[in-house]
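In case you want the letters, here they are:
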Amino acid sequence: MSQDYSYFEFSYINRNAENDAKNTTALNNAADISVIVVYFLVVLAVGVWSMVHTNRSTVGGFFLAGRSMVWWPIGASLFASNIGSVHFVGIAGTGAASGIAIGGFEWNSLFVIVILGWIFVPIYIRAGIITMPEYLKKRFGGQRIRIYLSLLSLVLYVFTKISADILSGAIFIQQALGLNIYLAVIALLAITALYTVTGGLAAVIYTDTLQTFIMLIGSFILMGFAFNEVKGYENFEKLYMQAVPSITGNISANCYEPRPDSFHLFRDPLTADIPWPGLVFGLTIQAIWYFCTDQVIVQRCLSAKSLSHVKGGCILCGYLKILPMFLMVFPGMISRILYTDVVACVDPDECEKHCGTRVGCSNIAYPKLVVELMPKGLRGLMLSVMLASLMSSLTSIFNSASTLFTMDIYTRIRRSASEKELMIAGRVFILALIGVSIAWIPMVQGSQSGQLFVYTESITSYLAPPVAAVFLLAIFCKRVNETGAFYGLIIGLCMGLSRMITEFIYGTGSCAIPSNCPTIICGVHYLYFGLILFVISGIVMLAVSLMTKPIDDKHVITSYLKFSSHLDRRPPRVSFPSVKYASIHINKYMQTFVCLVSSFADDEPGFLKKAVMCFCGLETKKAPKLTKEEEEALQRKLTDTSEVPLWRNVVNVNAVILLCVAVFCHAYFG
């Protein structure tokens, strides 16, 4: 059943929301199934190829792809790691609910990506680190900041990235396939874990490159179908402003009518859903944490064969980050036009009937567009796109979480662990993380948030700003010491947790069902709260550092890096003196398991064992013994930030072009 409604002398189809459940059937035709099967075969083939052709048997090979990656797979992997299924579901849903301002979250990152490639990564390379907590350990000394950041990163992965990606994937699977959520999610997690456990970072980067190509093709096709339905951009603007649900009850019109500023990026600083100072300043703090200090993103940059390839990858990622406004936000808004009563529902009973939650159904905007608009075959392609975004994001998180656990936590649990044991521990932890992720699904399904992307951004605003503050001060302020950094992080964490836990207790509510959370705690917009938290944490770090003993100059690792040869003339940095810390006791069953597997790897190999070790990248290879001079030369290569002048100029020019495009986009839609 469908009805035609005419606006401005042309018609569009508004599907009857009452029959949604009947119209949404599993993708059981040959064309869709064939596309999905081909997709999985190609992804697995690329994963297997990268497993065979890359070095996975060392820490550097598994976690940093042997530092041999070039710019284009790095850029594609940066984009795919950032753009997960939560973006297709969450950004499109928030766009459907409130307009284009959510697209500013993507465009804001264009400036930060340049900062990543030109300031942060050179410092990390010079420091010779693998993980972000390792950098802080070298910068400040001690272990408590390193352990704190590792644990906080793992918690953030579970609460925001993994949980949000799984939920968004489950929403799409429900809409498109009609499968049991747990069966579908477990299958997806098993496949993603397969080539993450076996292939390491190289497999993840190469498969991410393929996923990016698939995502772009599929989402461009869907965008074309969507704009064809509304007959162009001008009519799209007119129709969106009239997309009001038919069932509104006694709810205020402000809750269901499109916002007057729906097509503006910069909105009122006091009354808007996304105030412009929060978008410009508060969001930048989050972006610095995510792009410049988060393991998932930085690890890809550290795998580059040279600094110019790092910058080239950042530039490619930046150009790709221009697209989500057009590929996700606009289609989400068109979905509200085509399926107004479902996507823009405001009555709690109606919303619960359509999507199982009483706070709104905007999250189904993109999946519903795919199921209803795309023909057979192309529908399967779009399902592959969603699976690609989900899998690329999860594999990136699994690999980086494994790196954090292995290098920053397990090495304290087992100080005498061999490199092979570290490889095994990292793979075992991925399996454990999958188990936690599956167990967390019911909690995510019961989340009170009506807009998934806003949920992830708000949690980030409560926990990430102190981390952004400590990294910025570590790089730009030599006077900040370990004591100041630690107490700033702890005070920031307490403030952030107080806001986050209070919101979990009271719920965030919706326009139709407001939350009872006290205004003094929840009344400040989450972007403003993140900015305030950043400033307070930074002030505490500076104040405590000034009241305590400074770090001796000979121990201070790279402050702000100017690209000149004077770095090579500095006296070598002296490491902090070793301090005896109490060992962390690990669960005896896990330790026994890892040690048994490690001893199995060290036994005399038989045919079966050789096959298993080869599959997992643990095969024994006789590496040539390096002389002391050769080891020093290798270390210099790994920490080299020099660039060929031609390519340095090429990436610099492209950075300027990218920033100009970013300014134009903000000005045009501002």
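This text follows the structure it describes.
Residues numbered from 1 in each chain as written. Predicted model: local features only at pLDDT ≥ 70, side-chain atom pairs only at ≥ 80, totals over all residues. Heavy atoms only, no water.

Student: How would you summarise the overall build of the chain if you had to cite specific residues and measurements?
Tutor: The number of helices and strands found in the chain is 28 helices and two strands. In the chain, which comprises 670 residues, the proportion classed as buried is 58%. Restricting to contacts in the chain with at least 6 residues of sequence separation, those with at least 24 account for 83%. Carbon and sulfur atoms make up 64% of the accessible area of the chain, which totals about 27,400 Å². (Helix = DSSP H or I, 4+ residues; strand = E, 2+ residues; numbered from the N terminus. Buried < 20%, exposed > 50% of the residue type's maximum accessible area, 1.4 Å probe, protein only. Contact = heavy atoms within 4.5 Å. Areas by Shrake-Rupley, 256 points an atom, 1.4 Å probe, with all protein chains shown as cover.)

Student: So what's going on with the side chain of Gln286? Which residues, and what values?
Tutor: Mapped onto the secondary structure, Gln286 falls in helix H11 (residues 276-293). Those residues within four positions of Gln286 in sequence are excluded, and the remaining contacts are Glu457, Thr460, Ser461, Tyr526 and Leu527.

Student: I'd like a description of the packing of helix H6 (residues 104-127) against helix H7 (residues 132-140), backed by residues and values.
Tutor: One can describe the packing of H6 onto H7 by two numbers: an axis separation of 11 Å at closest approach and a directional angle of 70°. Considered as vectors, H6 and H7 are oriented roughly perpendicular to each other. The hand of the H6/H7 crossing is left-handed. Across the interface between the two elements, Ile123, Tyr124 and Ala127 from H6 touch Met132, Tyr135 and Lys138 from H7. Per-class residue counts for the contact of H6 with H7 are five nonpolar, no polar and one charged. (Axes fitted to C-alpha atoms, helices over the stretch in contact; angles between N-to-C directions. Parallel < 35°, antiparallel > 145°, perpendicular 65-115°, else oblique. Left-handed = near helix turned anticlockwise from the far one by under 90°. Nonpolar A, V, L, I, M, F, W, Y, C, P; charged D, E, K, R; others polar.)

Student: Help me get a handle on the state of the cysteines, residues and values and all.
Tutor: For the structure shown, the criterion picks out one disulfide. Here Cys345 engages in a disulfide with Cys351; their sulfurs sit 2.2 Å apart. Here the S-S torsion is close to 125°, and the disulfide linking Cys345 with Cys351 is therefore right-handed. Like Cys345, the residue Cys351 is buried in the burial classification. (Disulfide = S-S within 2.5 Å.)

Student: Could you give me a rundown of the environment of Met132, with the residues and numbers involved?
Tutor: One can find Met132 in helix H7. Accessibility expressed as a relative area gives 1% for Met132, which makes it buried. C-alpha of Met132 to C-alpha of Cys292: the two residues are 160 residues apart in sequence and 9.5 Å apart in space. The residues contacting Met132, other than those within four sequence positions of it, are Tyr124, Leu149, Thr293, Asp294, Gln295, Val298, Leu302 and Phe471.

Student: A description of unusual backbone geometry should follow, citing residues and the corresponding values.
Tutor: A positive phi is found at Lys231, a non-glycine position, where the angle reads about 60°. Of note, Lys231 is situated in the loop between helix H9 (181-230) and helix H10 (233-240).

Student: Describe the pattern of salt bridges, listing the residues and the values that go with them.
Tutor: For the structure on display, the rule yields 10 salt bridges. Linking Asp261 and Arg259 is a salt bridge whose minimum nitrogen-to-oxygen distance equals 2.9 Å. Several salt bridges share partner residues, and in doing so they unite Arg259, Asp261, Arg267 and Asp273 into one network. (Salt bridge = Lys/Arg side-chain N within 4 Å of Asp/Glu carboxyl O.)

Student: Tell me about helix H17 (residues 365-373), and name the residues and values.
Tutor: Taking burial as the measure, the nine residues of H17 include nine buried ones, the bulk of the element. Listing the buried residues of H17 in full gives Ala365, Tyr366, Pro367, Lys368, Leu369, Val370, Val371, Glu372 and Leu373.

Student: A description of a nonpolar patch on the surface should follow, citing residues and the corresponding values.
Tutor: A contiguous nonpolar patch, built from Ile491, Val524, Ile532 and Ile536 and spanning about 270 Å² of accessible area, is present on the exposed surface. With respect to the element layout, Ile536 can be found in helix H24 (residues 526-546). (Patch = residues over 30% accessible without salt bridge, like charges linked within 9 Å, V, L, I, M, F, W, Y side chains within 5 Å.)

Student: Account for the packing of aromatic side chains, with residues named and values stated.
Tutor: As enumerated under the stated definition, the model contains 24 aromatic pairs in all. Between the aromatic rings of Phe227 and Phe330, the centroid separation amounts to 6.2 Å while the plane-to-plane angle is 85°, which identifies the pairing as edge-to-face. Of this pair, Phe227 sits in helix H9 while Phe330 sits in helix H14 (residues 324-338), and the two are 103 residues apart along the sequence. In this structure, Phe227 and Phe330 share a single accessibility class: buried. (Phe/Tyr/Trp six-rings, centres within 6.5 Å; stacked < 30°, edge-to-face > 60°.)

Student: I'd like a rundown of empty space enclosed by the protein, residues and numbers included.
Tutor: For the structure shown, the criterion picks out six cavities of 30 Å³ or more. The computed volume of the largest cavity comes to approximately 390 Å³. What lines the largest cavity is a set of 26 residues, and nearest its centre among them are Asn82, His87, Tyr290, Phe453 and Glu457. Those elements that provide at least two residues to the lining of the largest cavity are helix H4 (71-82), helix H5 (85-98), H6, helix H8 (144-176), H11, helix H18 (378-413) and helix H20 (452-463). Among the elements that take part in the lining of the largest cavity, H11 stands out by supplying six residues, more than any other. Classifying every residue of the lining of the largest cavity gives 10 nonpolar, 11 polar and five charged. Estimated volume of the second largest cavity: approximately 50 Å³. Together, Met132, Leu149, Ser153, Trp289, Thr293, Asp294, Gln295, Leu404 and Val467 line the second largest cavity. Those elements that provide at least two residues to the lining of the second largest cavity are H8 and H11. (1 Å grid on protein atoms, 1.4 Å probe; cavity = no way out; pocket = protein on both sides within 12 Å on 5 of 7 lines; lining within 4 Å. Points joined across faces, edges and corners; volume = space filled by probe spheres on them.)

Student: Account for the environment of Val535, naming residues and giving values.
Tutor: By the element assignment, Val535 lies in helix H24. For Val535 and Pro466, which are 69 residues apart along the polypeptide, the C-alpha to C-alpha distance reads 8.5 Å.

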